[in-house]
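# Structural characterization, general
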Amino acid sequence: MVTEVSYLVGTRLGATAEVRFLGDLASGHLGVEPVAANDWLRIAELVHAYRDLPLGTVDASVITAAERLGVTTVATMDRRHFSVVRPLHCDGFDLVP
């Protein structure tokens, strides 16, 4: 996920923003939530259930982590996918921006 965010920040906002993002990771201002071993089955279920969207592994892993952590607000530029998916722990995500 860090690589996907780095790529998006770099291509859309430029190298300076990408370096700042990486610096925030290094300093601990941003954290990385790993995919837990038990998450893979749920990720596969989501990819299968929303295969016509299509929902990929990256988005499914964000949804799965949000479910596990009880998070209801997701920062995403991909409103299309995240507005369709119905997570297990809430009616839908609050999407920002």
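Keep in mind it's a predicted model, so treat the numbers as computed, not measured.

### Comments concerning the packing of helix α3 (residues 39–49) against helix α4 (residues 57–69)
Two numbers describe how α3 lies on α4: the axes approach to 9 Å, and their chain directions differ by 125 degrees. Judged on the interaxial angle alone, α4 and α3 are oblique. In terms of crossing hand, the pair formed by α3 and α4 is right-handed. Contact residues: α3 offers Asp39, Trp40, Arg42, Ile43, Leu46 and Val47, while α4 offers Thr57, Ala60, Ser61, Ile63, Thr64, Glu67 and Arg68. Here the residues of the contact of α3 with α4 sort into 6 nonpolar, 3 polar and 4 charged.

### Concerning the packing of helix α1 (residues 2–13) against helix α2 (residues 15–27)
Remark: α1 packs on α2, axes separated minimally by 6 Å, with the N-to-C direction vectors making an angle of 150 degrees. Of the possible angle classes, the one that applies to α1 and α2 is roughly antiparallel. Contacts between α1 and α2 pair Val2, Val5, Ser6, Val9, Gly10 and Leu13 from the former with Ala15, Ala17, Glu18, Phe21, Leu22 and Leu25 from the latter. Residue classes in the contact of α1 with α2 are distributed as 9 nonpolar, 2 polar and 1 charged.

Definitions and limits used
- Residues numbered from 1 in each chain as written.
- Predicted model: local features only at pLDDT ≥ 70, side-chain atom pairs only at ≥ 80, totals over all residues.
- Heavy atoms only, no water.
- Axes fitted to C-alpha atoms, helices over the stretch in contact; angles between N-to-C directions.
- Helix = DSSP H or I, 4+ residues; strand = E, 2+ residues; numbered from the N terminus.
- Parallel < 35°, antiparallel > 145°, perpendicular 65-115°, else oblique.
- Left-handed = near helix turned anticlockwise from the far one by under 90°.
- Contact = heavy atoms within 4.5 Å.
- Nonpolar A, V, L, I, M, F, W, Y, C, P; charged D, E, K, R; others polar.

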